[in-house]
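Understanding the architecture of this molecule
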Amino acid sequence: MTIIISGGTVVEASGSFRGDVIVEGSTISAIAAPDSALVEAAGRGDAEIIDATGCYVIPGGVDVHVHLQLPMSPEAVSSDTFTTGTRAAALGGTTTVIDFAGQLKGTSVRAALDERLAEAEGACCIDYGFHLSMGDVHEQSLADMRSLIDEGLTSFKLFMAYPGAWYSDDGQILRAMQVAAETGAMIMMHAENGIAIDVLREQAAARGNIGAVWHGRTRPPELEGEATHRAVQLAAVAGAPLYIVHLSAAEALEQVMHARDRGRNVFAETCPQYLHLSLEEHLDQPGLDGIRHICSPPLRLRADRHQETLWSGLRNDDLSVVSTDHCPFCDKEKLLGIDDFRNVPNGLGTIEHRMDLLYQGVVTGELTLPRWVELCATTPARLFGLQGRKGVLSPGADADVVIYDPSVEHVLGVETHHMQLDHSAWEGMAITGKTRTVLSRGQVVVRDHEFVGRSGHGRYLQRSLPDPLR
Ligand code: DUC
Ligand code: ZN
Ligand code: ZN
């Protein structure tokens, strides 16, 4: 089956131009000048022509940080399933997601991955992969890291936060980084100083400060900056590449910037919530409105200009990726902490809106079109071992293609979103631009804003080692 996406403006990380994308079966066969002999030849059989006039034709988005049906606690499981979350992702222009298998203390890495693979099997509407969250670094789990890498799981998340649960001490972190240095795997770091944060949390609660805003006030940006600094230095000692997840604070970005200026393979992602939402306007609200905006790291003070710093980091490549950290909880679960911020499950639902929320940076002039594509598709694919397959529109790559209509105006909110979530952290936000049509491996899964795909279409991605070229 041949599909020709014609009449649009092709946008890749390297630039944009008028071109037609020719899809043969599940891969891209060519990008050709409109009306060229190549397009004419491709269209001679029973090719389907999709008109992209007035639209951008971009590689499908790659969201490398999502949490679908994640049991945060026995009472709180993130509300999007592998099916509902990947369907919403597709509607928003994302065609690949990477979720996490989580190794809890006392459990094995192998079992954690097998469990997640079984849960996702046959359920996803787009292609998916897993990182491994390591909650128990010891001889066996370090050995298991190596076998997972051989099987195509090539990235491992460690935590400097959550003592008593996910936390790794500096020695454990160094040892995992040494394995990454030897093998070429990527270490992803949750960089917040959890020991100091726990002191602040206890002190706040003892004084009766238990509202949502105290979630933010007890996780100050300095403690994200400090942990980021430590992670960078440990990675330098180990000689390993490092990827800082969900970077929210100017203090942390400064550390990444210095490391990159010294030529280190240090990368960081930020998330749309840190670019658009703030502690004053969203977290510091009474009742449900505040706790709906609890995520970790927390939303930061707009007055401290973190957002401006992050946008400039996206522009000048100190920040490499935008992912969502999609981890939605319905009000029933959020309300578990209505009387104490410490009991609120952390996370927001954004998987459907990432491409739109970043495109607003193009609308306002913060980003160029190619940079939008690079941040949302090309670099995340490259850093997580999907180079050549995902995030590009090159011949031979999977035909994951999005037709994005920049002329559509819409408003985000619970009435219109497709995430399995009974509220929206993004309620009322006006957006210019919308995903119109989406191909996943050559199959149309969204046509004219309607989902036409199916659960089970998505395949598990065994990944190569990351390409750490800066
Ligand atoms: N870290 C994440 O990456 N997601 C949810 C909560 C957290 O601490
Ligand atoms: Zn985290
Ligand atoms: Zn996360």
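Residues numbered from 1 in each chain as written. Chains lettered and ligands numbered in written order. Predicted model: local features only at pLDDT ≥ 70, side-chain atom pairs only at ≥ 80, totals over all residues. Heavy atoms only, no water.

1. A look at the overall build of the protein chain
Counting its secondary structure elements, the protein chain contains 16 helices and 21 strands. Computed over its C-alpha atoms, the radius of gyration of the protein chain comes to 21 Å, within 12% of the 23 Å expected for a compact globule of 470 residues. Each of the three principal axes of the protein chain carries a C-alpha extent, and together these read 75 × 50 × 40 Å. When burial is assessed residue by residue, the protein chain has 60% of its 470 residues classed as buried. In the protein chain, the proportion of contacts linking residues at least 24 apart, taken out of those at least 6 apart, comes to 75%. (Helix = DSSP H or I, 4+ residues; strand = E, 2+ residues; numbered from the N terminus. Rg over C-alpha atoms; globule rule 2.2 N^0.38 Å. Buried < 20%, exposed > 50% of the residue type's maximum accessible area, 1.4 Å probe, protein only. Contact = heavy atoms within 4.5 Å.)

2. Details of the environment of aspartate 340
The topology assignment puts aspartate 340 in the loop between helix H14 (331-334) and helix H15 (354-364). Under the relative-accessibility criterion, aspartate 340 is labelled buried at 13%. When the C-alpha positions of aspartate 340 and glutamate 352 are compared, they lie 29 Å apart, and in sequence the two are 12 residues distant.

3. Describing the coordination of the zinc ion (ligand 2)
The zinc ion (ligand 2) binds to the protein through Lys157 (NZ), His190 (ND1) and His246 (NE2), with metal-donor distances spanning 2.1 to 2.3 Å. All donor residues of the zinc ion (ligand 2) come from one chain, and their arrangement in sequence is K-x32-H-x55-H. Between the two metal centres, the zinc ion (ligand 2) and the zinc ion (ligand 3), the spacing is 4.4 Å. Placement of the pair is lysine 157 in strand S13 (residues 155-159) and histidine 246 in the loop between strand S15 (242-244) and helix H9 (250-261), with a sequence separation of 89 residues. Since its relative accessible area comes to 4%, lysine 157 is described here as buried. The exposure class of histidine 246 is buried, given its relative accessible area of 2%. (Donors = N, O, S within 2.8 Å, 3.2 Å for Na, K, Ca; no water.)

4. Some details on unusual backbone geometry
Outside of glycine, negative phi angles account for most residues, and trans bonds account for most peptide bonds. Across the junction of serine 296 and proline 297, the peptide omega takes the value -10 degrees, indicating a cis bond. Along the chain, proline 297 turns up in the loop between helix H12 (287-291) and helix H13 (306-316). Look at aspartate 35: it is not a glycine, yet its phi comes out positive at around 65 degrees. The topology assignment puts aspartate 35 in the loop between strand S5 (27-32) and helix H1 (37-42). Residue aspartate 35 is classed as exposed on the basis of its relative accessible area, which comes to 74%. Although it is not a glycine, tyrosine 162 sits at a positive phi angle of roughly 65 degrees. Among the structural elements, tyrosine 162 can be located in the loop between S13 and helix H5 (170-183). A residue is classified by how much of its surface remains accessible, and tyrosine 162, at 26% relative accessible area, is partly exposed.

5. What about the nonpolar core?
A general feature of soluble globular proteins is that nonpolar side chains tend to end up buried together. Ranked by size, the top nonpolar core spans 93 residues in total, and within it Phe156, Met177, Ile187, Met189, Leu242, Leu358 and Trp372 carry the most contacts. Considering each element in turn, this core owes the most residues, six residues, to helix H8 (residues 221-238). The two domains that each donate at least three residues to this core are domain 1 (2-58 + 393-417 + 426-451) and domain 2 (60-383). Within the second largest apolar cluster, 16 residues are counted, among which are Val10, Ile28, Ala399 and Leu439. (Core = buried A, V, L, I, M, F, W, Y, C linked by side-chain atoms within 4.5 Å. Domains from an automatic or database assignment.)

6. A closer look at the packing of aromatic side chains
Enumeration according to the criterion identifies 11 aromatic pairs in this entry. When the centroid spacing of 4.8 Å and the interplanar angle of 85 degrees are considered together, the rings of tyrosine 243 and phenylalanine 384 count as edge-to-face. With tyrosine 243 in strand S15 and phenylalanine 384 in the loop between helix H16 (369-383) and strand S18 (401-411), this pair connects stretches of sequence that are 141 residues apart. For the pair formed by tyrosine 243 and phenylalanine 384, the shared burial category is buried. Chaining the aromatic ring pairs together yields one cluster made of Tyr56, Tyr359, Trp372 and Tyr404. (Phe/Tyr/Trp six-rings, centres within 6.5 Å; stacked < 30°, edge-to-face > 60°.)

7. Thoughts on the coordination of the zinc ion (ligand 3)
In an ideal octahedron of six donors the angles at the metal are 90 or 180 degrees, and in an ideal tetrahedron of four donors they are 109.5 degrees. Coordination of the zinc ion (ligand 3) by the protein is provided by His65 (NE2), His67 (NE2) and Asp325 (OD), with metal-donor distances spanning 1.9 to 2.1 Å. Assessed through its relative accessible area of 9%, histidine 67 is described here as buried. Given a relative accessible area of 10%, aspartate 325 falls into the buried group.

8. Considering the sheet that holds strand S1 (residues 2-6)
Spatial ordering of the open sheet is given by S5-S4-S1-S6, a layout of four strands whose pairing is mixed. Edge positions in the open sheet fall to S5 and strand S6 (48-51), since each of these has one partner strand only. Averaged over all neighbouring strand pairs, the angle between strand axes comes to 20 degrees, with direction disregarded. Direction of pairing for S1 relative to S6: parallel, over a ladder of four bridges. The residue of S6 that forms the bridge with serine 6 is aspartate 51. (Pairing = 2+ DSSP bridges. Axes fitted to C-alpha atoms, helices over the stretch in contact; angles between N-to-C directions.)

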